[in-house]
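Structural characterization, general
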Amino acid sequence: MYDSILVPTDGSEHSDLAIEHALTLATQFDAEVHALFVVEQAGPDGHWDFAVEDQEATGEKVLDAVDAAGDERGVHVERHLRRGTPSEEIVDAATDYEVDLIVMGTQGRTGLSRIATAGSTTERVVRLTEIPTLVVGGAGAGTA
């Protein structure tokens, strides 16, 4: 049913739950996983600054973790680090990589950039894509 699954991640607990679901599905369907981390470029005209460099370093660590988890399960993981607006990059990546399913968490990073924008990244992706999207999480997800 699924040959290729996109799992956007930001390193949050909700993303970890989505990664777990994506890898489980990939194992069941012998699918490959495309792990995606989106760096939000800050500053006028997209100038690089320390915040962007810090996000890239975080992204590489997060993608390393997805890759390692895939190796443990025998799932091929393609790593992708993109720059831009998360919801737009996720939708574009899903099309670019020709995935059959997007698996994402309900909640991710916090901060002023998230408060200032209306709606969540997940909500925008679901509205913008025609690709089936599995939303993992919800109230109390990731808590014991």
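Residues numbered from 1 in each chain as written. Predicted model: local features only at pLDDT ≥ 70, side-chain atom pairs only at ≥ 80, totals over all residues. Heavy atoms only, no water.

Section: the pattern of salt bridges
For the coordinates displayed, the defined rule picks out six salt bridges. Across the salt bridge formed by Glu 20 and Arg 73, the nearest N and O atoms sit 2.3 Å from each other. Taken together, the positions of Glu 20 in helix α1 (residues 13-29) and Arg 73 in helix α2 (residues 50-73) put the pair 53 residues apart, joining distant regions of the chain. According to the relative accessible area criterion, Glu 20 is partly exposed, its value standing at 40%. The exposure class of Arg 73 is partly exposed, given its relative accessible area of 32%. Ionic pairing is found between Asp 64 and Arg 79, a salt bridge with its closest N-O pair at 2.5 Å. Of this pair, Asp 64 sits in helix α2 while Arg 79 sits in strand β3 (residues 77-83), and the two are 15 residues apart along the sequence. Assessed through its relative accessible area of 43%, Asp 64 is described here as partly exposed. Arg 79 sits in the partly exposed class, given a relative accessible area of 28%. A network of salt bridges, in which partner residues are shared, links Glu 60, Asp 64 and Arg 79. (Salt bridge = Lys/Arg side-chain N within 4 Å of Asp/Glu carboxyl O. Helix = DSSP H or I, 4+ residues; strand = E, 2+ residues; numbered from the N terminus. Buried < 20%, exposed > 50% of the residue type's maximum accessible area, 1.4 Å probe, protein only.)

Structural notes on the pairing of strand β4 (residues 101-105)
Among the five residues that make up β4, five are buried, leaving the element largely enclosed by the rest of the structure. Residues Leu 101, Val 103 and Gly 105 of β4 are buried on one face, and the alternating residues Ile 102 and Met 104, pointing to the opposite face, are buried as well. Alignment of strand β1 (residues 4-8) against β4, held across two bridges, turns out to be parallel. Across the sheet, Leu 6 pairs through a bridge with Ile 102, a residue of β4. (Pairing = 2+ DSSP bridges.)

Comments concerning the confidence of the model for the protein
Scored by pLDDT, the protein comes out at a mean of 86, with 81% of its residues at no less than 70. The least confident element of the protein, judged by mean pLDDT, is helix α4 (residues 112-116) at 44; the most confident is β1 at 98. Ignoring residues within four places in sequence, the model shows residues 111-118, a span with pLDDT below 50, making seven contacts including any to other chains. (pLDDT = per-residue confidence, 0-100. Contact = heavy atoms within 4.5 Å.)

Structural notes on the sheet that holds strand β5 (residues 133-136)
One open sheet accounts for five strands, arranged β3-β2-β1-β4-β5; its pairing is parallel. At either margin of the open sheet sits one strand with a lone partner, and together these are β3 and β5. Here the strands of the sheet are splayed against their neighbours by 20° on average, with no regard to which way each runs. Of the strands in this sheet, β1, β2 (32-39), β3, β4 and β5 touch α1, which is tilted by about 150° from β4. Against the sheet, α2 touches β2 and β3, its axis set at about 165° to β3. (Axes fitted to C-alpha atoms, helices over the stretch in contact; angles between N-to-C directions.)

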